[in-house]
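Chain by chain, the residues:
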Amino acid sequence: MSGSSRIVAVLGPTNTGKTHYAVERMLGYRTGVIGLPLRLLAREVYDKIVAIRGPSVVALVTGEERIVPPRTQYWVCTVEAMPEGLGADFVAIDEIQLCADPERGHVFTDRLLRARGTHETLFLGADTMRGPIAALVPEAQFVRRERMSQLVYSGSKKISRMPPRSAIVGFSVENVYAIAELLRRQKGGAAVVMGALSPRTRNAQVELYQNGEVDYLVATDAIGMGLNLDVNHVAFSSLTKFDGRRMRPLAPNELAQIAGRAGRGMSDGTFGVTGEAPPLDEGVAQAIMDSRFTPVKKLNWRNAALRFGSIDALIDSLEVSPNDEHLTKARSADDLNVLKSLAQVAEVAARASDPQSVRLLWDVCRIPDFRGISHAEHANLLEVIYGHLHQSGSIPDDFMMRQIRRIDRTDGDIDALSKRLAYIRTWTYVAQRNGWVRDESHWRAVTRAVEDRVSDALHNRLTQRFVDRRTSVLLRRLKQKEALLAEVNDKGEVTVEGEFVGRLEGFRFIPDKSAQGTEAKALKSASLQALAPQFHLRADRFYNAPDTEIDFTDQGGLMWGEYAIGKLVAGSEPLKPMVEVFVDESAGPDVEQKVQRRLQHFIDRKIAALFEPLLNLSRDEELSGLAKGFAFRMVEALGVLPRAQVAQDVKDLDQDARGALRKHGIRFGQFTIFMPLLLKPAPTRLRLVLWALSSGLQEFPEAPPPGLVTVPVAKDAPKGYDTMCGYRDAGDRSIRIDMLERLADMLRAEDSRGGFEAKPDMLSITGMTLDQFADLMRGLGYNAERGEREKVKPVAAEQLEEQSSVEETPASEAETELLEAAPEETAAPAEAIAEATESTEATAEAPAADEPEVEVFYTFTWGRQRQANRGPRREHRQGQGKGKPRGKPQDGRGKPQGKKGGKPQGAKTFSSRPLKKEKAIDPDNPFAAALMGLKDGN
């Protein structure tokens, strides 16, 4: 290079603007080359220069990417990919302190010693390089640049307390992912930046952070190499790293390089530790803040004057030791190790028999091991590539296509996509080499497209796993103190700023259950703030809703459609319950009061409609004395009152009082006093809820299914439950009280002392079998004596029934009528019996003809000591008298029978008390006319 070239070493800590200064200097010349340590940083600088000068004059050259316009003036490269022999006016090498790096140091040292611009050369890096540069490049000038902002050590912080705009640094993929997952749960998410990412993925992740979608960045030490991010705090999760051979502690200058990313421009920054990393030693922390580090003594060096006469000559030239005290021989790099391995392969050794073949072999060995699987597998792949290049001059298209097609997939998790990205980088590198493939532009486009697709998929997976967009968006908007836009669809799903946050059930917000911890708190805070207008709109709509949209549950809940919006609580009286609403506190008192008023109106109207007869009874001012007191008892009992509880009160009521109560629909039954209109399903359902409320029950029993005459007795039901249901427990089943009174009317005509059997009508109205009816009667206080007797043949029974029906008609007339009605179906008794017998034999179910068929019957007698208004009532008995025998003689079958030779006698009762003076017949009684007729007949 020209001896007049100006060489300047611009040294200083991070955030001194060195890279920016170099770009400005390069653009001041007609041509220039700048070498950068990472392809990520190279892409960043390339984009910046393109924005200033346009894409037609700027080239980007890295191991896997090559953009070279025909009129290129400025070359942005990774240090390894810097072209030689261009004769550019300006050359700059960034992060020159990497000359001391064990793996890549020899490349930077080579550029320090040999890369020169015709007019100006800049070396940018840490001040620790002053000594080696001065010794190796005596003509170099030094410029010291000071940090533009302060860097302060802040000690140790938990990740949960990490301030916004922080970068947490890990030194392994597993560590980075674990931290990012924790930040997603606690802070809404984090962007991930690693050196292994493609520029496309890295840029997409950085964009998440830079535009504020997330406030946290998790990265490897790759961010220490000049990546410019808006970071306020850098936290180290570890102070050791694996350098390719062993775990070693990070040196203070390495820590400073990373910590210096905090506080860009004129903004001050802080650094510290987190997780399991121990606090920094006070001296180390102070050295980082003051940018005072041990100077670099030795630079890694490898011979650049290579000999390609043979493989052995090449290896020997690569292993030459330096002859300068400031240089040290670099340890064997991957490319040299692969060369030594392939030299042992006979076929490769045979092919590399001339300088051109040896040079080609060395170029193949320099393909980086992006996959990182194993040294042997990497060597095998390079052997195949070298074989194709040496034999055909290029890699066959079908071979390239097979390799790429296996990688061109976007399914799988983060690890699978990361591996595919590493694999495609190998073929991207191959496609970038001049002459290695037949159609370079085609394969560069193909490999670039595959890398882009995999990169995008990896970015999406990283975002899905480590970024909760919903929480991060809401937190950012809350921090900006802007009004949040909430929407509620017809299913109650709530979205805030387009993000699903939960459901609105009535007037309560139910956050998304997938959110936990800090995320859940952030969601609820943002959601409730945004939902305030929605609560008011919904309250107005509810207040104007018809009663048909509102209902109560069997447990006293109040529903608006499918949503619970309140519940009933006990009031001062059973018919005056109060309402407790379910409204979020954030909805405000106005919404709560509006909902409460609407629900109170609903339940008041519901009670007024279903219990209208009872309310009319309570408001009847014409009632007085005992009638008024009895009406109060009925209202208190919600319209259904067991007679046994008010037996004396009923006795004390005169006919006028009873008549006044009957006007309100009260029926004085033998077992229950009730209002038939209140036994319908709707009043019964509400009555049970009101009764449970006034009784203070914790769990409300449900009403029986409507329309059933009897239901099984509810086990462990609270006392009085059967009455409130409109039933009465009797044995194992409960019978509806109105049907029970009908049954009681039938039982009055029976001889409860002498005994009687169940009539078909009794079984019909109860819908029971004979055994079930017997259990019911026992429950009502009767004795049920089981017996068996010979069953009357069906035909004989039919004849008896016919004779009974024509008891008052002459036999000849009855026979005539029967024959005229159905002559073809009429048969002699003997023939009918024969037909019945044949039918029975056909079914194979009847017993043999010589065995009489037995039937079961029950004889019922009153089994309890008679009490007032219990058992058969006296006032409607027939044939009263004294001194008559109790019960009746029985026939041979055990059936009760009347006086011998006479008609069966009716039921009789006996009394030792003098006859009472008859009460006047109540003219309002619906049976008054019939009673008067009976009285006149006597």
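Bear in mind the structure is a predicted one, so any value in this text is a computation, not a measurement.

Calculation notes
Each chain carries its own residue numbering, running from 1 in the direction its sequence is written. The predicted origin of the model limits local features to residues at a pLDDT of at least 70 and limits the giving and counting of side-chain atom pairs to 80 or more, whereas totals for whole chains, interfaces and linings rest on all residues. Note that the side-chain values use all heavy atoms of the structure and ignore hydrogens as well as water. To sort residues, take the accessible area from a 1.4 Å probe on protein chains only and compare it with the maximum for the residue type: under 20% means buried, over 50% means exposed, and anything in between is partly exposed. For the purposes of this entry, the term helix denotes a DSSP run of H or I that reaches at least four residues, the term strand denotes a run of E that reaches at least two, and both are numbered from the N terminus. When DSSP locates at least two bridges between a pair of strands, those strands are taken to pair. Pairs were defined over the aromatic rings of Phe, Tyr and Trp, the Trp ring being its six-membered one, requiring ring centres within 6.5 Å. Orientation was assigned from the angle between planes: stacked under 30 degrees, edge-to-face over 60, tilted for the rest. The rule for a charge over a ring is simple: NZ of Lys or CZ of Arg within 6 Å of the ring centre, and within 35 degrees of the ring normal. As a rule, the C-alpha atoms of each element are fitted with a line to give its axis, helices using only the stretch in contact, and angles between N-to-C directions run from 0 to 180 degrees. Roughly parallel means an angle under 35 degrees; roughly antiparallel, over 145; roughly perpendicular, 65 to 115; everything else is oblique. The contact criterion used throughout is that any non-hydrogen atoms of two residues lie within 4.5 Å. Residues are sorted three ways: Asp, Glu, Lys and Arg are charged, Ala, Val, Leu, Ile, Met, Phe, Trp, Tyr, Cys and Pro are nonpolar, and all the rest, Gly among them, are polar.

A. The pairing of strand S16 (residues 269-273), seen in detail. Within S16, four of the five residues are buried, which leaves the element mostly enclosed by the surrounding structure. With four bridges joining them, strand S13 (residues 233-236) and S16 adopt parallel strand pairing. Its bridge partner being in S16, alanine 235 is matched across the sheet by glycine 272.

B. How the structure looks around the pairing of strand S2 (residues 32-36). With five of its five residues buried, S2 lies for the most part within the structure. A two-sided burial pattern is seen for S2, the buried positions comprising Gly32, Ile34 and Leu36 on one face and Val33 and Gly35 on the other. Bridge analysis of S2 against strand S5 (residues 74-78) gives five bridges, and the strand direction is parallel. Each bridged residue has a counterpart across the sheet, and for glycine 35 the counterpart in S5 is cysteine 77. Where S2 lies against strand S6 (residues 90-93), four bridges are found, and the strand directions are parallel. Looking across to S6, one finds that glycine 32 is bridged to phenylalanine 90.

C. Quick peek at the packing of aromatic side chains. Applying the stated rule across the entire model yields 14 aromatic pairs. On the numbers, 5.3 Å between centres and 45° between planes, the contact of tyrosine 153 with phenylalanine 271 is tilted. Of this pair, tyrosine 153 sits in strand S9 (residues 151-156) while phenylalanine 271 is found in strand S16, placing the two residues 118 residues apart along the sequence. Its relative accessible area of 0% is what places phenylalanine 271 among the buried residues. A network of ring pairs unites the aromatic residues Phe756, Phe773, Tyr782, Tyr858, Phe860 and Trp862 as a single cluster. The side chain of arginine 165 reaches across the aromatic face of tyrosine 209, ending 3.8 Å from its centre. The cationic tip of arginine 433 hangs over the ring face of tyrosine 429; the distance from NZ or CZ to the ring centre is 4.2 Å.

D. Representation of the packing of helix H19 (residues 589-610) against helix H20 (residues 612-619) in the model. Look at H19 against H20: their axes get within 5 Å of each other, and the N-to-C directions meet at 85°. Of the possible angle classes, the one that applies to H19 and H20 is roughly perpendicular. Contacts between H19 and H20 involve Ile607, Ala608, Ala609 and Leu610 from the former and Glu612, Pro613 and Leu615 from the latter. Of the residues assigned to the contact of H19 with H20, the class counts are six nonpolar, no polar and one charged.

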